[in-house]
Each structure stands twice: as structure tokens, then as C-alpha cells.
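So the chains spell out like this:
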Amino acid sequence: MNDIFSKRAWFSNVRNDLLAGAVVALALIPEAIAFSIIAGVDPKVGLYASFCIAIITAFLGGRPGMISAATGAMALLLTPLVKEHGLNYLFATTILTGILQIIWGWVKLGNQMRFVPRAVMVGFVNALAILIFDAQLPQLEGVSWLVYLMVAAGLGIIYGLPRLTKAVPSPLVAIVVLTGLAIAMGWDIPTVGDMGTLPKTLPTFALPIVPLNFQTLEIILPYALALSLVGLLESFLTANVIDDLTDTSSNKNQESLGQGIANIVTGCFGGMAGCAMIGQSVINIRSGGRTRLSSLSAGVFLFCCILILGDWVARIPMAALVSVMIMVSISTFSWNSIKNIRYIPKSETAVTITTVIITILTHNLAIGVIVGVALSAIFFSRKIAALVFVDSLLVEDGTERIYSVNGQIFFVSVEDFLNAFDFREHIEKVTINLTHAHLWDQSAVDAVDKMVLRFRKRGVQVELIGLNEASASLLDQLATYDKPDALENIANH
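Residues numbered from 1 in each chain as written. Predicted model: local features only at pLDDT ≥ 70, side-chain atom pairs only at ≥ 80, totals over all residues. Heavy atoms only, no water.

Engineer: Would you take a moment to explain the state of the cysteines for this structure?
Structural biologist: Simply put, the disulfide is a covalent bond whose two ends are the sulfur atoms of two cysteines. Going through the model one piece at a time under the given rule, you end up with zero disulfides. Looking at the unpaired Cys304, the closest cysteine sulfur is the one in Cys305, lying at 7.0 Å. By relative accessible area, Cys304 is classed as partly exposed at 30%. (Disulfide = S-S within 2.5 Å. Buried < 20%, exposed > 50% of the residue type's maximum accessible area, 1.4 Å probe, protein only.)

Engineer: Would you explain the layout of surface pockets in this entry?
Structural biologist: Over the atoms, a rolled probe matching the size of one water molecule traces out where space is still vacant. When its volume is computed, the largest pocket comes out at roughly 840 Å³. Around the largest pocket, the lining comprises 32 residues; the ones closest to its centre are Glu31, Phe35, Gly72, Leu131 and Ala135. Among the elements that line the lining of the largest pocket, the one with the most residues is helix H2 (residues 14–39), at seven residues. Grouping the constituent residues of the lining of the largest pocket by class yields 22 nonpolar, seven polar and three charged. Within this model, the second largest pocket holds a volume of roughly 610 Å³. Around the second largest pocket, the lining comprises 28 residues; the ones closest to its centre are Arg118, Val122, Asn126, Ser334 and Ser337. Secondary-structure elements contributing two or more residues to the lining of the second largest pocket are helix H6 (118–136), helix H9 (214–246), helix H11 (278–286), helix H14 (318–332), helix H15 (336–339) and helix H16 (346–362). (1 Å grid on protein atoms, 1.4 Å probe; cavity = no way out; pocket = protein on both sides within 12 Å on 5 of 7 lines; lining within 4 Å. Points joined across faces, edges and corners; volume = space filled by probe spheres on them. Helix = DSSP H or I, 4+ residues; strand = E, 2+ residues; numbered from the N terminus. Nonpolar A, V, L, I, M, F, W, Y, C, P; charged D, E, K, R; others polar.)

Engineer: Could you clarify how one ought to interpret the environment of Glu31 in this entry?
Structural biologist: Here Glu31 is to be found in helix H2. Residues Glu31 and Ala70, spaced 39 residues apart in sequence, show a C-alpha to C-alpha distance of 8.3 Å. Discounting chain neighbours no more than four positions away, the residues touching Glu31 are Met277, Gln280 and Met325. (Contact = heavy atoms within 4.5 Å.)

Engineer: Explain the pairing of strand S5 (residues 429–439) to me, please; I cannot follow it from the model alone.
Structural biologist: The side chains of a regular strand alternate, first on one face of the sheet and then on the other. Here strand S4 (residues 400–409) runs beside S5; their pairing, made up of nine bridges, is parallel. Bridge pairing in S5 places Arg401 opposite Val430. Handedness of the crossover is the feature at issue here: the chain leaves S4, passes through helix H18 (residues 414–419), returns alongside S5, and the resulting connection is right-handed. Here five bridges tie S5 to strand S6 (residues 461–465), and the two strands are oriented parallel to one another. (Pairing = 2+ DSSP bridges. Right-handed = clockwise from strand over helix to strand, strands pointing away.)

What follows is the structure in C-alpha cells.
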């Protein structure tokens, strides 16, 4: 907690953090408005959420430099709730989402991120880059040639200016130059103001007006549960991306706490649930933002832009912001995943491609990641199952065979384990050496039962040796081969 409020966490990169925050704030406005429209609510709901969440997570989040605000994934989950029950239920759901996220932080859900493999991370990043680019296409449909020219000019400034100077973030220069040019020339092109009306006042505290009963809880709990998990999943994965970009580490459990408090406060101030935004976070990092000050300045500048410079912000051409988001899309995509595809194991490539496809089809990053993790687990299980070896040695007198088992015995590998034994051999005794094996689950115990009982059915004595403590304990609890009626019940195995 002391690190959160240390001087280094806030003031080690002041100039770049303030400039980066300004760039992020300008890019947040049209996205917050767009996400409000997706959720079926007034634009101020998304803007209030972005303001509150960005500022609170700057103080309480676990990843300096990461930007949190209203997001598309959360907006999509809220759409049916708003349509069926109205705005106040959205606020109540947002508050409950925050409470659940605090609970997830308390049980240290963030520690489970180590189970998300690299292949899924690459798929997540690439899918997000494609979705960010896809989200800009509606701004390029049915518009004049000037819009395309301005987008190209914006990209030229963004990629060309750093070759001359890096004193000012090139995305901010692109926005200012294109806005000034559009105003000076009087061009009739889509602007931020065309996306929706900007609020004129700060948000005010108000509890949602909903009945405090179990019926309300029955309505909002399923949505809040989904929102809390999707929000944290996206935030954790975004934190991993920023960790890689900055070569620093994040505190996932602290981030869960920060996100939870932010959503509770947001719900009380007229905002919708939000989470970390990988696009805006990458803009912040690429623009030089590194500390908590960059996240705070993004939230503060957001409302300064709306309240003080609202009339000017409304005149920013959408083409300028589209060029910034295209830059984000290009820089977010992991191009090395394509360049090195022939060197990467095919199973990992399949996981990455599946994660991308599922995410794009569902427009839900959480579903894509869950499917990717599940597929990775299947491939991993198959690899581990293939590493089960059973060697055997016939004793000199020909009456006993010793089997030595090596590997992990669990539900995927039990078939190979059983196929390794010759149950038709005419011997008096078999010794099963399990010194280099481990029994993991009920399927493994069942396989041992089958093996022992099949030998005993043919009059062969069986001895198990070398069991480690965990495997022996599992057999003691679940095995049936030593039960009095075991042979009679062999059909049940």
C-alpha cells in the first residue's frame, strides 16, 4: 500500500504522464459515448463512468499506467438489463459488481492468472487489435474523401513526427493539427459532437432507486457476477500486456480491489460498470505514460475537456481519433506471432487462432480467453498423458513379472496405463512399482482397481510398491480392490 502513494509511483515521469493523459482523455470521449449507446443509455452515463473509474483506479489500482473506464465488453453485458429493467437497475448492478470484485480480490483471484498460457495471451491481444480496428470501420462508411485523407494524414503525423522529435506525443499533435485544419477550412465532416451531447456538470451522488428485496437481487446478481468476472479478466490480461510493454510487474489482487471500489463509487454517481481498457492503456504507454499520474490526469483531463473545453472538443474530427485508434490496433497486434508461426508448436498456434476466432465471432474477450484456456488444458493433458511409460521384467524363474510405471496417471492417461499390462500371461505374481508415478484423480484409482482385479480374477497375486504419500492416501480413500466383495463387483469397474 505504501508503494501506491510513494513519490516514485506518482512524480517520476511528470511531463510525459500529463501529456499522455491528455491524449488518452481525448480518445476516451468518443469511446465512452459509443459504449453508452451500446448499453442503451445516455452518453453521460459512459462519460461519468470513465471519469470516476479512471481517477479511483489511479489511486487504488494495482497497475500504474493502466487506464480503466467504461468498456465495450461491459456495455454489451448491460444491454439486456437496461432494455428489460431500466437505468436504475444498471446502477444497482454496477454497485453489486464492485462488491463482488472486492470479494474476488480478498480471495486472491488474481493469483490464478498464472494458468492463462502465453498462446492465449497472444490470441487475446491479436483479437483485441482486430476488434479495435473493426470498431473504426463504421466511421469510414458513407463519408467524403476528406475523411480518408485526414485519417491518412493523421497516421502520417503519428508515425512521422517521432523521427523528428519525441518531445510531444505524436497522437496529441495529430489530434490538434487535424482539428485546427478542419476548423480553419470549414470542412463538413463527422465530429465528436455528432456522437452525442456532452454533459455540462459533474456527476452527483445518488443511490439507485430499486426495491431492496430478493427479487431485485435475483435480477441483478447474474449480471453482476458476469460483469465482475469479465471485468477482472480483461483487467488482468491488460495488466499483463502493460507488464510486458514496460518490463515491470503488477499486483492483480490490488487491481481487483481498486476495480471493485471504482465500480461501487461509479454506480453511486450515475455511471456504468467498467474495467481496464487495453486500447487506451497502450495509447498511454506509447505516448510516454508510466506512473499513476498518467491515469489520474486522463480522468481529470477528460472532464476538463468536457466541462471547460466542451465546445472545442465537440469539434474534433472523428477522423483524427480514428487515426489514433488505428495506430493502437497496429501496435497492439503481435506481429511476431505471424513471423514465427512455423517455429511455434502447432498446438499453441491452434490455441492462439481459436482464441482469436471465438473472440471476434462473439465480440467477447472473456469467452475467447476461456475457450483458449480450456483448449490449452486439453492439449497439455494429452501431452502429459503421452508421457506414461510402463516397463516390465520377468523374474528368472518365470513365475513373477515386475512392472515399473513412470508418469502421471489421471483421466486422460488411464487407457494407456491399462493397455501396458498383459493380463493373459501365465504367471503367479506381478509386482507394480509406482515409485516414479503419481495417481491424480478418481480415474487413476479406478484404473488401479481394474488392473489389480483383472490379475486376481486369473489367480495372479498382485503387490503394489513405491506409492508416494499422496497416491497412497488417495488409494486408501477410494480404492475397492481390497474390499471383501471386490471380485464379485468387478463388472462395476
